[in-house]
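Residue-level structure breakdown
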Amino acid sequence: MRNRTRIASNEPQAAPPPPPAQLNDCTPAEAADKRYLETCAGMFAHAAEHRHWEQLADNLVWTLAHIAVNSGVGATGDMLRNFGNYVCRIEARRQAEIEAAQAKEEGRLPN
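Residues numbered from 1 in each chain as written. Predicted model: local features only at pLDDT ≥ 70, side-chain atom pairs only at ≥ 80, totals over all residues. Heavy atoms only, no water.

Considerations on the overall build of the chain
Definition in use: Only DSSP runs of H or I covering at least 4 residues are called helices, and only runs of E covering at least 2 are called strands; the numbering of each starts at the N terminus. To sort residues, take the accessible area from a 1.4 Å probe on protein chains only and compare it with the maximum for the residue type: under 20% means buried, over 50% means exposed, and anything in between is partly exposed. The contact rule is simple, with two residues in contact once any of their heavy atoms fall within 4.5 Å. A 1.4 Å probe and the Shrake-Rupley method give the accessible areas. Residues count as covered only by the protein chains that appear here.
Tallying secondary structure elements over the chain gives 4 helices and 0 strands in all. Order of helices (α) and strands (β) in the chain, N terminus to C terminus: α-α-α-α. Here the chain, with 111 residues, has 14% of them falling under the buried criterion. Within the chain, contacts between residues at least 6 apart in sequence are counted, and of these 59% link residues at least 24 apart. Working note: accessible area of the chain is about 8,800 Å², and carbon and sulfur atoms make up 59% of it.

Looking at helix 2 (residues 28–50)
Counted only if it meets this: The span expected for a helix works out to 1.5 Å for each residue beyond the first.
Here helix 2 spans 33 Å end to end across 23 residues, near enough to the 33 Å set by a 1.5 Å rise per residue. Along helix 2, the residues classified as buried are Asp33, Leu37, Ala41 and Ala47. On the buried face of helix 2, the contacting elements are helix 3 (53–71). Just past helix 2, the residue arginine 51 takes up positive phi, approximately 55°.

Considerations on the environment of threonine 76
Put simply, the rule is: Two N or O atoms form a polar contact when they lie within 3.5 Å of each other; inside protein one atom must be a possible hydrogen donor and the other a possible acceptor, and for residues adjacent in sequence the pair counts only when both atoms belong to side chains.
Counting through the fold element by element, threonine 76 comes out in helix 4 (residues 73–105). For the pair threonine 76 and alanine 65, spaced 11 residues apart in sequence, the C-alpha separation works out to 8.7 Å. At 3.4 Å, the side chain of threonine 76 and the backbone oxygen of alanine 68 are in polar contact.

Some points on the pattern of salt bridges
This is how it is decided: Think of a salt bridge as a Lys or Arg side-chain nitrogen and an Asp or Glu carboxyl oxygen that are within 4 Å of each other.
The final tally for this structure, using the stated rule, is 4 salt bridges. In this structure, arginine 93 engages glutamate 97 in a salt bridge whose closest nitrogen and oxygen atoms are separated by 3.2 Å. Here arginine 93 pairs with glutamate 97, and both are found in helix 4, just 4 residues apart, close to one helical turn.

Section: the packing of aromatic side chains
Worth spelling out the cut-off: Each pair of aromatic rings taken from Phe, Tyr and Trp, with Trp reduced to its six-membered ring, is defined by centres within 6.5 Å and is described as stacked if the planes are under 30 degrees apart, edge-to-face if over 60, and tilted in the remaining cases.
If you walk through the whole model with that rule in mind, you get 1 aromatic pair. With centroids separated by 5.0 Å and ring planes inclined at 70°, the aromatic side chains of phenylalanine 44 and tryptophan 53 adopt a geometry described as edge-to-face. In this structure phenylalanine 44 comes out as partly exposed when scored by relative accessible area, which is 28%. Exposure remark for tryptophan 53: the relative accessible area of 38% places this residue in the partly exposed category.

Re unusual backbone geometry
Positioned with a positive phi, arginine 51 is a non-glycine residue whose angle comes to about 55°. Tracing the backbone shows arginine 51 in the loop between helix 2 and helix 3. For arginine 51, a relative accessible area of 67% corresponds to the exposed category.

By themselves, these figures tell us nothing about what the structure is for.
What follows is the structure in structure tokens.
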């Protein structure tokens, strides 16, 4: 697994679907990345709309377990490290948004 940079956000990160010509301009791995990201964002939005968080989480964890078993210890460690990094970045962004809103309410400029 490779470590990718994602924008820390509380919202799903769906890449807009590329025009068909763009698919020919990217590698198979890049095309797969775009497809998986779009699919995951769609599942996230569906779970949010229908309040199916438990079902989504259970299926994602089951899928990750299969990836871990088939990929080995090193890949599993990478997955866990990336998960921790993403959680920390999302939480830091959430905290920054809260602090900015508080500063605005108090009439201060956010940091």
